[in-house]
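One letter stands for each residue in the lines below.
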Amino acid sequence: MKRCADYAAHYPGWGDWKWQYAHRITTAEEAAAYLKMTKKEKADVENCLSAFRMAITPYYASLIDPADPEDPIRKICVPRIEETYPCANDMADPLGEEHDSPVPNIVHRYPDRVLFLTTLCCSTYCRYCTRRRVVGEEDRVITEAALKKAVSYIRSHTEIRDVLISGGDPLVMKTEKLEHIIRELRAIPHVDIIRIGTRVPVVLPMRITDELLSMLRQYQPIWINTHFAHPGEITPEAARACAAIVDAGFPLGNQTVLLRGINDSAEILKELFLKLVHMRVRPYYLYQCDLSRGIGHFRTTVDEGIDIMHALTGNISGYAVPKFVIDAPGGGGKIPVNYNYILSKNEQEVVMENFQGKIYKYPQAEARPGR
Ligand SMILES: *Cc1c(COP(=O)(O)O)cnc(C)c1O
Ligand code: SF4
């Protein structure tokens, strides 16, 4: 496998995020040439692109082993014909985000926080994207008029104390544009924390520059959440990006989607989560794959997810174990799904199983009078 360092020596622009962005693989021709595809594979890619565009940074493409058609990184970013297969339970907007959107670009589902979609653009598109119905549709970032509307909604809703800037990927925006958005949010007194959801440390780690981090530092408290899906994404470049973020003072979390044929085993996820913790990145959520159209081949059963969580819990550091959630179809929000450790429960005692399957009892306190 050809590694990133070899490419960096050949292409002077390699370490520059704008160069990476400008040289993305976006057509079936480019993908076919780079991955030595057959005519059929190339036609399949072509077929998929009308539903959801493709873009892969040269850096991320360099992580693929072109000789391996089952390469997990390849499955994450290169279309396969399965995307065109209809699936009985598919939904266009499975999370009901349009229903919970009081003004364009804002999803207000939980009492104290909102999701703020600032761009539909990503540097690299994940084939399993939950927002594939809209992500990748257009390249522009939020207009000034739409920003004003979103900010005025947040300003007039004093219960909002947490704004999650997402997209698309907000870190594909120019630093000045992002600063403009964050400055507007910071000027709202009841906005306590600002969060940024980004896959840039994974697919475009050179975007994490001193310039970006010193801009963000002016607007603390900011939490950053990234999105590693497979241990193969953890490279020296990605590790450097994560270290720079944490060293600059931003808590860094991670969310992962459970994906059939990519990371659906306790061994792979254990390796991923332990490596994340090593980089001081806290695994936050593991998502059950949702019902978006064209991603049925990525879905595992819910039980597979529960079994994986059961295998990890207690066996590795608690810090390395995320919450496993299903983002409920129809806009119910994230629901934690767990292995059931409680075998029985009454007023006297709770009977439980530990991580090794041994049985323990906990005597109940007497209920307080009046309860
Ligand atoms: C995930 C999500 C959030 C953030 O939820 P947390 O559990 O606080 O991380 C907020 N709004 C929407 C619509 C979401 O989907
Ligand atoms: S980075 Fe996020 S928004 Fe962009 S394609 Fe991947 S899952 Fe979708």
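Residues numbered from 1 in each chain as written. Chains lettered and ligands numbered in written order. Predicted model: local features only at pLDDT ≥ 70, side-chain atom pairs only at ≥ 80, totals over all residues. Heavy atoms only, no water.

Chemist: So what exactly am I meant to see when it comes to the overall build of the protein chain here?
Modeler: Looking only at helices and strands, the protein chain features 13 helices and 12 strands. Taking 371 residues into account, the globule formula puts the C-alpha radius of gyration at 21 Å, and the protein chain, at 22 Å, falls close to it. Counting all 371 residues of the protein chain, 51% fall into the buried class. For the protein chain, the accessible surface area stands at approximately 17400 Å², while carbon and sulfur atoms represent 55% of it. A distance of 3 Å separates the average location of the 46 positive side-chain charges in the protein chain from that of its 47 negative side-chain charges. (Helix = DSSP H or I, 4+ residues; strand = E, 2+ residues; numbered from the N terminus. Rg over C-alpha atoms; globule rule 2.2 N^0.38 Å. Buried < 20%, exposed > 50% of the residue type's maximum accessible area, 1.4 Å probe, protein only. Areas by Shrake-Rupley, 256 points an atom, 1.4 Å probe, with all protein chains shown as cover. Lys, Arg positive; Asp, Glu negative; His and termini not counted. Charge placed at Lys NZ, Arg CZ, Asp CG, Glu CD.)

Chemist: Quick question: what am I supposed to make of the pattern of salt bridges here?
Modeler: Opposite charge on two side chains permits pairing when their charged atoms draw close. Here the structure, examined in full by the defined rule, presents 24 salt bridges. For R161, the salt bridge goes to D112, with nearest N and O atoms at 2.5 Å. Of the two residues, R161 sits in the loop between α7 (144–156) and β3 (162–166) while D112 sits in the loop between β1 (106–110) and β2 (113–117), which places them 49 residues apart along the sequence. According to the relative accessible area criterion, R161 is partly exposed, its value standing at 32%. The partner of E233 in a salt bridge is R199, with the nearest N and O atoms 3.0 Å apart. You can see E233 sitting in the loop between β5 (222–226) and α11 (236–247) and its partner R199 sitting in the loop between β4 (193–197) and α9 (200–203), a full 34 residues away along the chain. Of the residues examined, E233 reaches a relative accessible area of 0% and is grouped as buried. If you follow the salt bridges from partner to partner, you end up with D93, E97, E98, R131 and R133 in one network. (Salt bridge = Lys/Arg side-chain N within 4 Å of Asp/Glu carboxyl O.)

Chemist: Sorry, what's going on with the domain arrangement of the protein chain here?
Modeler: One frequently used descriptor of interface size is the decrease in accessible area upon assembly of the parts. As far as domains go, the protein chain holds domain 1 (2–81) and domain 2 (341–371). On a C-alpha basis, the centroid separation for the pair domain 1 and domain 2 is 53 Å. (Domains from an automatic or database assignment.)

Chemist: Explanation requested: the site of ligand 2 in the structure shown.
Modeler: By nearness alone, every residue bordering ligand 2 is listed as C122, Y125, C126, C129, G168, R199 and H227. Here the shell around ligand 2 is composed, by residue class, of four nonpolar, two polar and one charged. (Near = heavy atom within 4 Å. Nonpolar A, V, L, I, M, F, W, Y, C, P; charged D, E, K, R; others polar.)

Chemist: Is there a simple way to think about the site of ligand 1 in this case?
Modeler: Close to ligand 1 lie V107, Y110, R113, L115, L164, R195, Y284, Y285 and K334. Between an oxygen atom of ligand 1 and a side-chain N or O atom of Y284, the distance comes to 2.6 Å. Within the contact set of ligand 1, an oxygen atom lies 2.5 Å away from a side-chain nitrogen or oxygen of Y285. Relative to its free-state accessible area of 380 Å², ligand 1 is covered by the protein chains to the extent of 91%. Tallied by class, residues from the shell around ligand 1 come to six nonpolar, no polar and three charged. (Polar contact = N/O pair within 3.5 Å; in protein donor to acceptor, adjacent residues only side chain to side chain.)

Chemist: When you look at the packing of helix α8 (residues 175–186) against helix α10 (residues 210–217) in this model, what are you seeing that I'm missing?
Modeler: Describing two packed helices takes the angle between their axes plus the distance from one axis to the other. For the pair α8 and α10, the least separation of the axes is 10 Å and the interaxial angle reads 10 degrees. If you check the angle between α8 and α10, you find them roughly parallel. Between α8 and α10, the contacting residues are T175, E176, L178, E179 and I182 on the first element and E211, L212, M215 and L216 on the second. Of the residues belonging to the contact of α8 with α10, the class tally is five nonpolar, one polar and three charged. (Axes fitted to C-alpha atoms, helices over the stretch in contact; angles between N-to-C directions. Parallel < 35°, antiparallel > 145°, perpendicular 65-115°, else oblique. Contact = heavy atoms within 4.5 Å.)

Chemist: What's the story with unusual backbone geometry in this structure? I'm lost.
Modeler: A negative phi angle is the norm for most residues apart from glycine, just as the trans form is the norm for most peptide bonds. Of the consecutive residues G167 and G168, the connecting peptide bond is found in the cis state with omega at 20 degrees. With respect to the helices and strands, the residue G168 is situated in the loop between β3 and α8. Each neighbour pair has its own omega, and for Q220 with P221 the value is 0 degrees, a cis peptide bond. Locating P221 in the fold gives a position in the loop between α10 and β5. Positive phi, normally seen in glycine, also occurs at K36, with a value near 50 degrees. Residue class for K36 comes out exposed when judged on its relative accessible area of 64%. Look at N105: it is not a glycine, yet its phi comes out positive at around 80 degrees. Mapped onto the secondary structure, N105 falls in the loop between α6 (72–77) and β1.

Chemist: What exactly am I supposed to notice about the nonpolar core here?
Modeler: As a rule of thumb, soluble globular proteins bury nonpolar side chains together. Ranked by size, the top nonpolar core spans 99 residues in total, and within it Y60, I154, I182 and L216 carry the most contacts. Dropping the residues within four chain positions of it, Y60 is found in contact with I73, I76, C77, T124, R199, V202, V203 and E233. The next biggest cluster of nonpolar side chains, apart from the first, holds eight residues, and it includes F52, C122, C129 and V135. (Core = buried A, V, L, I, M, F, W, Y, C linked by side-chain atoms within 4.5 Å.)

Chemist: Quick question: what am I supposed to make of the environment of P111 here?
Modeler: With respect to the element layout, P111 can be found in the loop between β1 and β2. In this structure P111 comes out as exposed when scored by relative accessible area, which is 63%. In this structure the C-alpha to C-alpha distance between P111 and G296, which are 185 residues apart in sequence, comes to 31 Å.

Chemist: How should I be thinking about the sheet that holds strand β10 (residues 342–345) in this particular structure?
Modeler: Where strands meet in a sheet, backbone hydrogen bonds hold them as pairs that are either parallel or antiparallel. Read from one edge to the other, the open sheet built from three strands follows the order β10-β11-β12, with strand pairing classed as antiparallel. Single-partner strands in this sheet number two, and they are β10 and β12 (359–363). Ignoring which end each strand starts from, the neighbouring axes of this sheet average 15 degrees apart. (Pairing = 2+ DSSP bridges.)

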